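Listed below, chain by chain, are the residues.
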Amino acid sequence: MNDILLPVIFVILAIAVVGSLAVLLVRGRRTPPGLYSSPRDPDDQVEGGAHGATSTDVLERPDGVHTDELVPNDLSSLEEAPAAPRLDLVDPVQGRLARLRARLVRSNNALGKGLLALLSRDRIDEDVWDEVEETLLMADLGTEPTMELVDALRERVKVAGSRNPAEVKDMLREELVKLVDPTMDRSLATQRHADRPAIVMVVGVNGVGKTTTVGKLARVLVADDKDVLLGAADTFRAAAAEQLATWGARVGVPTVKSDVDGADPASVAFEAVRTGIEQEVDVVLIDTAGRLQNKVGLMDELGKVKRVVEKQGTVDEVLLVLDATTGQNGLNQARVFAEVVNISGIVLTKLDGTAKGGIVVAIQRSLGVPVKLIGLGEGADDLAPFDAEGFVDALLS
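Residues numbered from 1 in each chain as written. Predicted model: local features only at pLDDT ≥ 70, side-chain atom pairs only at ≥ 80, totals over all residues. Heavy atoms only, no water.

**Quick word on the overall build of the protein**
Heads up, the rule is: Helix and strand labels come from DSSP, where a helix needs a run of H or I of at least four residues and a strand needs a run of E of at least two; each type is numbered from the N terminus. When accessible area is computed with a 1.4 Å probe and restricted to protein chains, residues below 20% of their type maximum are described as buried, those above 50% as exposed, and intermediate ones as partly exposed. Throughout, a residue-residue contact means that at least one pair of heavy atoms, one from each residue, lies within 4.5 Å.
A count of helices and strands for the protein gives 13 helices and eight strands. The buried share of the protein, taken over its 397 residues, is 42%. Across the protein, every contact between residues at least 6 apart in sequence was considered, and the portion connecting residues at least 24 apart equals 74%.

Structure follows, in structure tokens:
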């Protein structure tokens, strides 16, 4: 009996031990690192993951749910970046000169044509010379230049003894060119210095188109491949800063301006120069308020602007904008401005061939300052460097 029980007991104990070991193995099982414990999509890693790699289980989708749903385009609601503003095509300087000369030729200028008509008469007597003198004075040539021209022509016509229109025209051209003086330096001081940009101030009374001229001058400099920055220091006229910024934006030129009405113009000018130095531009153009020459306080303010700017560098060019049709009044303005800021050049606007064109000679004679730029129209590119011989040729064409 004992022989039978002992084997049975051993079998029962063996079964119990094996069962216990099986339970322990099941409870202690862990998913090896890098492997998944559930079925994966075809592109999931099932085996061979690196030891210690992190994995994330994905719950199985319930039956009946489609897994090929379209994912919405999250970028569809984003606005496209605005396109860069289209900049104006700026006319080259030489093209401007040719166009302005042609316009002056077509205009009804009283100066050249009137003189040619008088000097081409069959008989030139004292009455004719009196008319020549009157024509020159009406053209705002000035008393002294007028007398010089008349005396020179009288002598040449007397010596030559000729009434040939072509010969008389040549004489008149030569004497007019002498008066306009092609030897004056009409170049603009816009060459960048080693450590700073060239600084150009533009001044003038209200109504002569000063801010517009600054914008047009920026176009001339851009056409000359210069990097330009504008300073809107005309803080007294409403919308002057925005007007200047609009001109600059058309050719990709930035503008330094204040958002505060009536801000200190000297501070704006100073900031414009400082910014120009930091950005290493070639030229800083500073637009100033339209000062009336009889307003002493305003003229003093203009002098202050120049002094403050020059704490960072000498002002290289001070351009005075004048309306050519104002005649001798423009000459009076020029004298007052010259006393305050040492004018280095004149910009004549509206020089459309009217009698007032003689102001070119009068201003240069009075101040010893050259006319450097002229404008003959309202177009954006109707501003060009002044050329003495080209101007006279256009008058006499």
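So that's the structure; there's more coming.
**Quick look at helix H4 (residues 126–138)**
Three or four residues apart is the spacing at which side chains of an α-helix point the same way, because the helix has 3.6 residues per turn. What counts here: For a helix, the expected span equals 1.5 Å multiplied by the residue count minus one. What the arc describes is the spread of directions from the helix axis to the C-beta atoms. Here a polar contact is taken to be a pair of N or O atoms separated by no more than 3.5 Å, where protein atoms must pair a possible hydrogen donor with a possible acceptor and residues adjacent in sequence count only if both atoms sit in side chains.
Across its 13 residues, H4 extends 18 Å between first and last C-alpha, which sits within 8% of the 18 Å expected from 1.5 Å per residue. For H4, the full list of buried residues reads Val128, Trp129, Val132, Thr135 and Leu136. Here the buried residues of H4 occupy an arc of 115 degrees about the axis, which is enough to place them on one side. Among the exposed residues of H4, those pointing more than 90 degrees away from its buried face are Asp127 and Met138. The N-cap residue of H4 is aspartate 125: its side-chain oxygen and the backbone nitrogen of aspartate 127 are 3.2 Å apart. Of the residues flanking the end of H4, it is aspartate 140, one or two places downstream, whose phi is positive at about 60 degrees.

**Observations regarding the packing of aromatic side chains**
Where we set the bar: Two rings belonging to Phe, Tyr or Trp (six-membered ring only in the last case) form a pair when the distance between their centres is within 6.5 Å. Interplanar angles under 30 degrees mark stacking, angles over 60 mark edge-to-face geometry, and anything in between is tilted. A positively charged side chain is recorded as over a ring if its NZ (Lys) or CZ (Arg) lies within 6 Å of the ring centre. The angle to the ring normal must also be within 35 degrees.
Enumeration according to the criterion identifies one aromatic pair in this entry. Their ring planes at 50 degrees and their centres at 5.2 Å tell us that phenylalanine 386 and phenylalanine 391 sit as a pair that is tilted. Taken individually, phenylalanine 386 and phenylalanine 391 each receive the classification buried, so the pair is uniform in this respect. The aromatic ring of tryptophan 247 is capped on one face by arginine 250, whose charged end is 5.1 Å from the ring centroid.

**As for the nonpolar core**
The cut-off we apply is this: As used in this record, nonpolar core signifies buried Ala, Val, Leu, Ile, Met, Phe, Trp, Tyr and Cys residues forming a set joined through side-chain atoms within 4.5 Å.
Val132, Leu285, Ile286, Ile343, Ile346 and Leu348 are the most contacted members of the largest nonpolar core, which totals 90 residues. For this core, the leading source of residues is helix H6 (residues 165–180), giving seven residues. Those residues in contact with isoleucine 343, other than ones at most four positions away along the chain, are Val203, Val318, Leu320, Phe337, Ala338 and Val369.

**Here's the deal with the environment of glycine 368**
Mapped onto the secondary structure, glycine 368 falls in the loop between helix H12 (359–367) and strand E7 (371–375). Counting along the chain gives 184 residues from glycine 368 to methionine 184, while the straight-line C-alpha distance between them is 8.9 Å.

**Some details on the packing of H6 against helix H13 (residues 388–395)**
Selection criterion: Angles shown run from 0 to 180 degrees and are taken between the N-to-C directions of axes, each axis being a line fitted to C-alpha atoms and, for helices, limited to the stretch in contact. We call two directions roughly parallel when the angle between them is under 35 degrees, roughly antiparallel when it is over 145, roughly perpendicular when it lies between 65 and 115, and oblique otherwise. Left-handed describes a crossing whose near helix is turned anticlockwise from the far helix by less than a right angle; the clockwise case is right-handed. Residue type decides the class: Asp, Glu, Lys and Arg count as charged, Ala, Val, Leu, Ile, Met, Phe, Trp, Tyr, Cys and Pro as nonpolar, and the leftover types, Gly among them, as polar.
Look at H6 against H13: their axes get within 9 Å of each other, and the N-to-C directions meet at 140 degrees. By the angle between their axes, H6 is oblique relative to H13. Between H6 and H13 lies a crossing of right-handed hand. Within the contact between the two elements, H6 uses Arg173, Leu176, Val177 and Val180 and H13 uses Ala388, Glu389, Phe391, Val392 and Asp393. Of the residues assigned to the contact of H6 with H13, the class counts are six nonpolar, no polar and three charged.

**Digging into the layout of surface pockets**
Our working rule: Whether a set of points on the 1 Å grid over the protein atoms alone is a cavity depends on a 1.4 Å probe fitting there but being unable to get out, while an open set qualifies as a pocket with protein on both sides within 12 Å along at least five of seven lines; lining residues are those with an atom within 4 Å of a point. Grid points are joined across faces, edges and corners, and a volume is the space filled by probe spheres set on the points.
Size it by volume and the largest pocket reaches roughly 240 Å³. Around the largest pocket sit 17 residues that line it, and Ala239, Ala241, Ser258, Val260 and Asp261 are the ones nearest its centre. No other element matches helix H8 (residues 240–249), which puts three residues into the lining of the largest pocket.

**Describing the pairing of strand E1 (residues 198–203)**
Our working rule: DSSP calls a pair of strands paired once it identifies at least 2 bridges connecting them.
Most of E1 sits out of view: six of its six residues are buried. With burial as the criterion, each face of E1 is covered, one bearing Ala198, Val200 and Val202 and the other bearing Ile199, Met201 and Val203. Taken together, the five bridges between E1 and strand E4 (residues 283–287) define a ladder with parallel strand orientation. Bridge pairing in E4 links isoleucine 199 to valine 284. Examined bridge by bridge, E1 and strand E5 (residues 317–323) share four bridges and lie parallel to one another. Bridging across to E5, valine 202 finds its partner in leucine 319.

**Side note on the sheet that holds E4**
Here eight strands make up an open sheet; going across it, the order is E3-E2-E4-E1-E5-E6-E7-E8 and the pairing mixed. Looking at strand neighbours, the two that pair on one side only are strand E3 (255–256) and strand E8 (383–385), the edges of this open sheet. Pairing analysis gives two bridges linking strand E2 (residues 228–232) to E3, with the strands arranged parallel. Bridging from a neighbouring strand, leucine 230 pairs with threonine 255 of E3. The sheet strands contacting helix H7 (residues 210–223) are E1, E2, E4, E5, strand E6 (345–349), E7 and E8, and the helix crosses E4 at an angle near 170 degrees. This element, H12, spans E5, E6 and E7 of the sheet and lies at about 160 degrees to E6.

**Quick notes on the pattern of salt bridges**
Between side chains of opposite charge, a pair can form when the charged atoms approach closely. Selection criterion: Should a side-chain nitrogen of Lys or Arg be within 4 Å of a carboxyl oxygen of Asp or Glu, the pair is scored as a salt bridge.
All chains considered together, the criterion is met by 19 salt bridges. Across the salt bridge formed by aspartate 393 and arginine 173, the nearest N and O atoms sit 2.5 Å from each other. You can see aspartate 393 sitting in helix H13 and its partner arginine 173 sitting in helix H6, a full 220 residues away along the chain. With relative accessibility at 25%, the residue arginine 173 sits in the partly exposed group. For lysine 210, the salt bridge goes to aspartate 287, with nearest N and O atoms at 3.0 Å. Here lysine 210, found in helix H7, pairs with aspartate 287, found in strand E4; they are 77 residues apart in sequence, far enough to count as distant. In terms of burial, lysine 210 and aspartate 287 fall into one category: buried.

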